[in-house]
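Tertiary structure, described
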Amino acid sequence: MAARKNTKAQKSSELDGAEFFAAVAQLESERGIPKGYMIEKITQALVSAYKRDHEDVGDNLVVDADEVSGQVRMFIRKDVVETVDNSGTEISLEEAREKLPKAQLGDVVSIEVKTRNFGRIAAQTARQVIIQGIREAERGMIYDEFNSKEHEIITGTVTRLDPKNGAASLRITSGSEFTDAYLAPAEQVRGEVIREGDRLKVYVVEVRKSSRGPQILISRTHPGLVKRLFELEVPEIYDGTVEVKSIAREAGSRTKLAVWSEDRDVDCIGACVGTRGGRVNNIVEELHGEKVDIIKWSEDPGEYIAAALAPANVLSVEIVEPERSCRVVVPDDQLSLAIGKEGQNARLAAKLTGFKIDIKPASASVEPEAAEEAVSAAAEGEEDQAVPAEDTAQE
């Protein structure tokens, strides 16, 4: 019984090649970690473990992992010399010939190292390196998967809400990978009620690498979310027939979208609106009632700005090019519509076009001219009165 125990103990101290490759294959099938990556990490771990107790070996260690034969063996290469100065990298001719009878001075011989000779601390080091390698591989795969989703829409499930600030944690999935992302209060739509278990569509703003794994920055307020929703709903945008030129958004309230098409036969606004407003209504429903204004982009800044101020009618647009600003005149009864509630319509139009917009009613634009005419008329009247007075004086 005791001999059997010793045999088991001795066998367990060796690195079983078949078990090694079976474990690597299992990691690949269950976690998707490439076999070559894990073999490289594990061989590095074996080398590090041996060096932990044998610092003098330098870079002369070699690990041979042969999947065909199912063997994993470690060798240390030593130079055959007359006098050994470093036993870690050198071997005497006499000792070398005990292993290889034909060895000669100057030869390099490979001596197998048994894994049972590893110390306890060295074995722990190897285990830590392997575990770290698995974690790095998993993080790398998660990063690669979600990095490909940057500036795209993904769906996540709310797993937790912070009662203090209302921040939400979402479990997001892409392909076979999943991770947790943090939806900050600033990235949530104002007035939108979020509950645990809700499924939300979020926009992936950026994917970063960090010491704790990939960090996925997500948003519900980013203008890109609206653009991607239109791409999903409008085939003409998805295939490039209709192009989204610009978006200005105040999440939860209103969005302005400028679209354009090179094909003159395509109604770019009609394509986005859809039959009986079906397409845009689906997007508004997804945005929980957020209003969406779709306008036609134009190369002419005046036309573009006038369209951006919809639903107000614009009488004229005067561009002041160096300052990228303009003066817009609207009918008196359209002034409040052009400015919008709390200035929202004018603000979104400015964001959309990139111009500073100064809006004036038609009456205000006429008043200066009328005043100027009155001044001229008064001056003429004074002149007419002065002439007779001079004539009277002369008389």
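Helix and strand content of the chain: 13 helices and 15 strands. Within the chain, buried positions represent 36% of all 395 residues. For the chain, long-range pairs separated by at least 24 residues make up 58% of all intrachain contacts whose partners lie at least 6 apart in sequence. When the accessible area of the chain is evaluated, it comes to approximately 23,800 Å², of which 47% is carbon and sulfur surface.

Scanning all chains against the criterion turns up 2 aromatic pairs. Considering the side-chain rings of Trp297 and Tyr304, the 6.4 Å spacing of their centres and the 65° angle between planes classify their relative orientation as edge-to-face. Just as Trp297 is buried, Tyr304 falls in that class too. Following the ring pairs from residue to residue traces out a cluster consisting of Trp260, Trp297 and Tyr304. Of note, Lys209 hangs over the ring of Tyr143, and the distance from its end group to the ring centre comes to 4.7 Å. Here Arg324 stacks its cationic end above the ring of Phe355, 4.0 Å away from the centre of that ring.

Before going further, it helps to spend a moment on the environment of Lys356. Structurally, the position occupied by Lys356 is in strand 15 (residues 356-361). Between the alpha carbons of Lys356 and Arg327 there is a distance of 8.6 Å; along the sequence they are 29 residues apart. The contact partners of Lys356, leaving out residues within four places of it in the chain, are Arg324, Ser325 and Cys326.

As enumerated under the stated definition, the model contains 0 disulfides in all. Lacking any disulfide linkage, Cys272 is separated from the closest cysteine sulfur, that of Cys268, by 6.8 Å.

Turning our eyes to something else, we now look at helix 12 (residues 344-353). In terms of burial, helix 12 is a largely internal element, 7 of the 10 residues being buried. Within the sequence span of helix 12, burial applies to Gln344, Asn345, Ala346, Leu348, Ala349, Leu352 and Thr353. On the buried face of helix 12, the contacting elements are strand 10 (243-250), strand 11 (254-260), strand 12 (291-296), helix 10 (301-308), helix 11 (335-339) and strand 15.

Moving on, we come to the pairing of strand 8 (residues 199-208). Alignment of strand 5 (residues 153-161) against strand 8, held across 5 bridges, turns out to be antiparallel. Paired with Thr155 across the bridge in strand 8 is Lys201. With 5 bridges joining them, strand 8 and strand 9 (residues 215-219) adopt antiparallel strand pairing. Across the sheet, the residue bridging to Arg208 is Gln215, located in strand 9.

Here we have 3 strands laid out as an open sheet, ordered 10-11-12, and mixed in their pairing. Of all strands in the sheet, those with a lone pairing partner are strand 10 and strand 12, marking the two edges. Neighbour to neighbour, the strand axes of the sheet diverge by 15° on average, direction disregarded. Two strands pair when backbone bridges link them, and strand 10 and strand 11 are joined in this way by 7 bridges, in the antiparallel orientation. Along strand 11, the bridge assignment pairs Ile247 with Leu257. Sitting on the sheet, helix 6 (residues 223-233) touches strand 10, strand 11 and strand 12, and the angle it makes with strand 10 is about 135°.

Quick look at the environment of Phe230 now. By the secondary structure assignment, Phe230 is in helix 6. The spacing of Phe230 and Asn282 is 52 residues in sequence and 9.5 Å in space, taken between C-alpha atoms.

The subject of this paragraph is the pattern of salt bridges. In total, this model carries 13 salt bridges according to the counting rule given. With a shortest N-O distance of 3.7 Å, Glu243 and Lys245 are connected by a salt bridge. As a salt-bridge pair, Arg249 and Glu290 come within 2.9 Å of each other at their nearest N and O atoms. With Arg249 in strand 10 and Glu290 in the loop between helix 9 (278-286) and strand 12, the pair connects residues that are 41 residues apart, well separated along the chain. Take Arg249: its relative accessible area is 8%, and that puts it in the buried class. Three or more residues joined by partner-sharing salt bridges are found here, namely Glu152, Arg228 and Glu231.

Calculation criteria
- Residues numbered from 1 in each chain as written.
- Predicted model: local features only at pLDDT ≥ 70, side-chain atom pairs only at ≥ 80, totals over all residues.
- Heavy atoms only, no water.
- Helix = DSSP H or I, 4+ residues; strand = E, 2+ residues; numbered from the N terminus.
- Buried < 20%, exposed > 50% of the residue type's maximum accessible area, 1.4 Å probe, protein only.
- Contact = heavy atoms within 4.5 Å.
- Areas by Shrake-Rupley, 256 points an atom, 1.4 Å probe, with all protein chains shown as cover.
- Phe/Tyr/Trp six-rings, centres within 6.5 Å; stacked < 30°, edge-to-face > 60°.
- Lys NZ or Arg CZ within 6 Å of the ring centre and 35° of its normal.
- Disulfide = S-S within 2.5 Å.
- Pairing = 2+ DSSP bridges.
- Axes fitted to C-alpha atoms, helices over the stretch in contact; angles between N-to-C directions.
- Salt bridge = Lys/Arg side-chain N within 4 Å of Asp/Glu carboxyl O.

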